[in-house]
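Architecture and fold: a report
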2 protein chains.
Amino acid sequence: MTSLGEGEFALLDQSWHDAITPDAARRMLIAAAQAFADKGYHATTTRDIAARAGMSPAAVYIHYRSKEDLLFQISKVGHERSLKVLTAVQDPNPKDRMARTVAAFARWHAEFRTTARVVQYELGSLSPEHHAVVVELRRKIETHMRHIVEEGVRTEVFEAPDHKGAALAVLSLCIDVARWYRPDGKRTPEEIGNLYADLVLRMLTKP
Amino acid sequence: MTSLGEGEFALLDQSWHDAITPDAARRMLIAAAQAFADKGYHATTTRDIAARAGMSPAAVYIHYRSKEDLLFQISKVGHERSLKVLTAVQDPNPKDRMARTVAAFARWHAEFRTTARVVQYELGSLSPEHHAVVVELRRKIETHMRHIVEEGVRTEVFEAPDHKGAALAVLSLCIDVARWYRPDGKRTPEEIGNLYADLVLRMLTKP
DNA sequence: GGGCATACTAAGCGGTTGCTTAGGTTCTAA
DNA sequence: TTAGAACCTAAGCAACCGCTTAGTATGCCC
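Treat the numbers as computed from the prediction; the structure is a model and nothing was measured.

What counts and what doesn't
Residues numbered from 1 in each chain as written. Chains lettered and ligands numbered in written order. Predicted model: local features only at pLDDT ≥ 70, side-chain atom pairs only at ≥ 80, totals over all residues. Heavy atoms only, no water. Near = heavy atom within 4 Å. Polar contact = N/O pair within 3.5 Å; in protein donor to acceptor, adjacent residues only side chain to side chain. Helix = DSSP H or I, 4+ residues; strand = E, 2+ residues; numbered from the N terminus. Nonpolar A, V, L, I, M, F, W, Y, C, P; charged D, E, K, R; others polar. Domains from an automatic or database assignment. Contact = heavy atoms within 4.5 Å. Buried area = accessible area lost by both parts, 1.4 Å probe. Phe/Tyr/Trp six-rings, centres within 6.5 Å; stacked < 30°, edge-to-face > 60°. Buried < 20%, exposed > 50% of the residue type's maximum accessible area, 1.4 Å probe, protein only. Core = buried A, V, L, I, M, F, W, Y, C linked by side-chain atoms within 4.5 Å. Axes fitted to C-alpha atoms, helices over the stretch in contact; angles between N-to-C directions. Parallel < 35°, antiparallel > 145°, perpendicular 65-115°, else oblique. Left-handed = near helix turned anticlockwise from the far one by under 90°.

Here we take up the protein's contact with DNA strand C. Taken together, 16 residues sit near DNA strand C, with Ser56(A), His63(A), Thr45(B), Tyr61(B) and Lys67(B) positioned nearest. Here, DNA strand C places atoms within 4 Å of the protein, and 53% of those atoms are sugar or phosphate. For DNA strand C, a phosphate oxygen lies 2.7 Å from a polar atom in the side chain of Tyr61(B). Of all the secondary structure elements, the ones that give two or more residues to the surface near DNA strand C are α4 (60-63) of chain A together with α3 (46-52) of chain B. Looking at the surface near DNA strand C residue by residue, the class counts come to seven nonpolar, six polar and three charged.

What follows is the structure in structure tokens.
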């Protein structure tokens, strides 16, 4: 329901710069992402997207096949980004690895809340073929988190009766940041990441 | 995308029995709740709701002013139910109180996933007036959880540098159950409640 | 300058949307 | 037996949807 405009656009424009060209196509995609995050995919019209991008309704179809294609591009690249953020951390210490991973993943869901909301809440609107592509990326995310939990349990620093359930809960906690985070709130994305890293370590660490 | 039909309908019908009469109005509301939970408010048509309830499209408007009115009834009663579940637990021991509250709240979000999804993910589709009503109920939910955290911190069984942040994280964890829970999964709502109660106590308890 | 690809707009088409209207059926009670 | 309330349907209206078509402006190579 809220939009920050200038500052948020600049952040997203930079974020999508290497993935989407030319400029007009990227502007259209960012406009779509903001509209989808704000009102939801089905409540957003192609005229709405075009207006946000400062172009005519027909301009959408020069760069994209359909409204659903626009959603798929955002969802696919968004999922790839969040997977990259999750897997980027490498640390020999299981506790440090978990803490840094959770901090980065939770932070991403706050900082790139616009993209994250589309990634997490609009998968049901994808076509069956596109849905399958995205589900595969989500499977990788779950597997990776489960491995971090299991590494900690194996080295006896973590304690979890249900590895998969614990991994799911950790991911769930981070993902839900995209739902409640507001850019005008008093916690910065970095602070949220640190708070969550601390909470998760408490949750998992063997006493 | 999945629907269980018979069994789920019976559960919801019983759940809404005292709040919505007559029968036809309740059938319509349950049909709407299932459709909204399944596909989202904006992707659901009034013809779709009527068909699920086994009636003609015009029948919707005998019992409800508009499609948005249907959403408001579900959202309002749903919020009241989840607040009641949260506040029902009374226990002199802060740890037991938190454990039982989290277990009940998380369990509710699994068991009544259909209602919970509408409650948690469709607030943005309410009219400004109806949105305000629901936001007030949400404020009460947050306040209540913060008080439970603060009671534990005061009696020195919990440890949390940021009371409000911790309460938000606990609620967030429970709420997100509505997103990932599947009735055909291997964990029962009760098991999820117990798992989550354990995780939250570990998160908050002073070592 | 001429030929041509790229990027865009104005206008609008067929289909769907939320909702209304006019009318019919069933039930209760005097 | 009949008046009237409650409940439901068939048909359809105005507005809006995603998307297409026909045509225009701009830049680039020869």
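Still more ground to cover, so stick around.
Bringing the domain arrangement of chain A into the picture now. Residues and elements named next belong to chain A. Assigned domains of chain A: these are domain 1 (6-63) and domain 2 (67-204). Here the C-alpha centroids of domain 1 and domain 2 sit 24 Å apart. With 21 residues of domain 1 at the contact, the number on the domain 2 side is 17 residues. Of the roughly 1,700 Å² buried where domain 1 meets domain 2, counting both sides, 69% is carbon and sulfur surface.

Per the stated rule, a full pass over the model turns up five aromatic pairs over all chains. Pairing Phe36(A) with Tyr41(A) gives two aromatic rings, centres 5.1 Å apart and planes at 65°, and the pair type is edge-to-face. The class of Tyr41(A) is buried, set by a relative accessible area of 7%. With a centroid separation of 5.2 Å and 45° between ring planes, the pair formed by Tyr121(A) and Tyr121(B) is classed as tilted. Placement of Tyr121(A) in helix α7 (residues 113-121) and of Tyr121(B) in helix α7 (residues 113-121) is noted, with the two residues assigned to different chains. Judged by its relative accessible area of 22%, Tyr121(A) falls in the partly exposed class.

Grouped together as the largest cluster of nonpolar side chains are 74 residues, with contacts concentrated most on Met98(A), Tyr196(A), Met98(B) and Tyr196(B). In this structure Met98(B) touches Met145(B), Ile148(B), Val149(B), Phe158(B), Val200(B), Leu201(B) and Leu204(B), once residues within four positions along its chain are discounted. By size, the runner-up hydrophobic cluster in this structure holds 31 residues, among which are Leu29(B), Phe36(B), Tyr41(B) and Ile49(B).

Residue and element names in this part refer to chain A. Contact geometry of helix α5 (residues 67-87) with helix α6 (residues 94-111) gives a least axis separation of 8 Å together with a crossing angle of 155°. The angle between α5 and α6 falls in the class roughly antiparallel. In this structure, α5 meets α6 at a crossing whose hand is right-handed. On α6, the residues that touch Gly-78, Arg-81, Ser-82, Val-85 and Leu-86 of α5 are Thr-101, Ala-104, Phe-105 and Trp-108. Its residues placed into classes, the contact of α5 with α6 shows five nonpolar, three polar and one charged.

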